[in-house]
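What follows is each chain in one-letter form.
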Amino acid sequence: MTVPSRWEQGHHGYGARFAQLLKDGVDITGEARLADTLLPRGGTVLDAGCGMGRIAAALEAAGHDAYGVDLDAELLEQAGRTYPALPVAELRLEDVSPDSLAAQEFPTSYDLIVCVGNVMVFLAERSERNVLRALRSVITDRGRLLVGFHQGGVNPASRSYPAEEFIADAEASGWQLESRFATYDLRPEPGEDSFFVGILRAA
Ligand SMILES: C[S@@+](CC[C@H](N)C(=O)[O-])C[C@H]1O[C@@H](n2cnc3c(N)ncnc32)[C@H](O)[C@@H]1O
């Protein structure tokens, strides 16, 4: 039986908020600029929990082959309307595998996986290691994972996820922490909101 994610248990307004930010011309691609530096030119990137597609779309615009997966059909529909050329598919992160991606006609391995925008604090309870293992199964030998989330969670539906616990989960799931920061412009000092940015490689 599939355990519902925390995302499916809460009401968010995320899609409408990002549609408005886009309309207002606000910068919504900071995470993508960091992701771009982690990719070879013309790299292959999977946006894991892509939501309305803003990060994958920015990476596609930067010349990469970007693909998005998410469980939220409504947000995927928004991604399709907003970025018609972006390939997105409805897939739970715990079900990511070479076979499930091939079934969507997506590549089966990636130079970079981005899992940003608090996806990690909205996963189903106790599914974090399954998700991290699933993502590990589709990374190239020298590929990396970019993760970012608020350690304290972002709303009552989300969990608090201390960085040390995340790092232990990642290490138990075939990843090794390469670097950690507190912001996407790579500041090391934790701010008041205790944001965590991690760059990991396959162990
Ligand atoms: C706050 S949104 C962030 C979306 C996007 N990464 C961004 O930064 O704009 C969190 C996303 O995580 C997705 N999500 C949560 N648990 C998931 C799971 N188990 N499988 C796939 N997507 C998941 C939700 O559907 C939602 O789109």
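Treat the numbers as computed from the prediction; the structure is a model and nothing was measured.

1. Looking at the overall build of the protein chain
In terms of regular secondary structure, the protein chain is built from eight helices and seven strands. On the principal axes, the C-alpha backbone points of the protein chain span a range of 40 × 40 × 35 Å. In the protein chain, which comprises 203 residues, the share counted as buried stands at 50%. Counting contacts in the protein chain only where the partners sit at least 6 residues apart, residues at least 24 apart contribute 68% of the total.

2. Some details on the nonpolar core
Grouped together as the largest cluster of nonpolar side chains are 65 residues, with contacts concentrated most on Leu146 and Phe166. Broken down by element, this core gets its largest block of residues, six residues, from strand S7 (residues 195-202). With near-sequence residues (within four places) excluded, Leu146 lies in contact with Glu31, Leu34, Ala35, Leu38, Leu112, Ile113, Val114, Cys115, Val116, Val197, Gly198 and Ile199.

3. Things to note about the UniProt feature "domain: Methyltransferase" (unreviewed entry) in the protein chain
UniProt annotation of "domain: Methyltransferase" (unreviewed entry) refers to residues 45-143 when read in the numbering used here. Overall, residues 45-143 shows 33% helix and 24% strand. The separation of its end C-alpha atoms is 10 Å.

4. What about the sheet that holds strand S6 (residues 175-181)?
One open sheet holds the seven strands; their spatial order is S3-S2-S1-S4-S5-S7-S6, and the pairing between them is mixed. Whereas interior strands pair on both sides, the edge strands pair on one side only; in this sheet they are strand S3 (88-90) and S6. This sheet shows a mean twist of 20° between the axes of neighbouring strands, independent of strand direction. Judged from the seven bridges that link them, strand S5 (residues 139-150) and S7 form a sheet pairing that is antiparallel. Its bridge partner being in S7, Leu145 is matched across the sheet by Leu200. Those strands touched by helix H5 (residues 73-82) are strand S2 (65-70) and S3, and its axis lies near 165° from that of S3. Each of strand S1 (44-48), strand S4 (110-115), S5, S6 and S7 is contacted by helix H7 (residues 128-136), which is oriented at about 145° to S5, the strand it contacts most.

5. With respect to the site of the ligand
Taken together, 20 residues are adjacent to the ligand, and Tyr14, Gly49, Arg54, Asp70 and Glu94 come closest. In this structure, an oxygen atom belonging to the ligand sits 2.6 Å away from a side-chain N or O atom of Arg54. At a separation of 2.9 Å, a nitrogen atom of the ligand approaches a polar backbone atom of Val116. A total of 600 Å² of accessible area belongs to the ligand in isolation, and the protein chains cover 97% of it.

6. Comments concerning the packing of aromatic side chains
Applying the stated rule across the entire model yields eleven aromatic pairs. Pairing Trp7 with Phe122 gives two aromatic rings, centres 4.9 Å apart and planes at 90°, and the pair type is edge-to-face. Note that Trp7 is positioned in helix H1 (residues 6-9) and Phe122 in the loop between S4 and H7, a separation of 115 residues in sequence. Given the relative accessible area of 18%, Trp7 is considered buried.

7. Here we look at the pairing of S5
Here S4 pairs with S5 via five bridges, running parallel. Within the sheet, the bridge partner assigned to Tyr110 lies in S5 and is Ile139. Chirality of the crossover, the property in question, places the unit of S4, H7 and S5 among those that are right-handed.

Definitions and limits used
- Residues numbered from 1 in each chain as written.
- Predicted model: local features only at pLDDT ≥ 70, side-chain atom pairs only at ≥ 80, totals over all residues.
- Heavy atoms only, no water.
- Helix = DSSP H or I, 4+ residues; strand = E, 2+ residues; numbered from the N terminus.
- Buried < 20%, exposed > 50% of the residue type's maximum accessible area, 1.4 Å probe, protein only.
- Contact = heavy atoms within 4.5 Å.
- Core = buried A, V, L, I, M, F, W, Y, C linked by side-chain atoms within 4.5 Å.
- UniProt positions renumbered as here; feature names shortened; annotations may be inferred.
- Pairing = 2+ DSSP bridges.
- Axes fitted to C-alpha atoms, helices over the stretch in contact; angles between N-to-C directions.
- Near = heavy atom within 4 Å.
- Polar contact = N/O pair within 3.5 Å; in protein donor to acceptor, adjacent residues only side chain to side chain.
- Areas by Shrake-Rupley, 256 points an atom, 1.4 Å probe, with all protein chains shown as cover.
- Phe/Tyr/Trp six-rings, centres within 6.5 Å; stacked < 30°, edge-to-face > 60°.
- Right-handed = clockwise from strand over helix to strand, strands pointing away.

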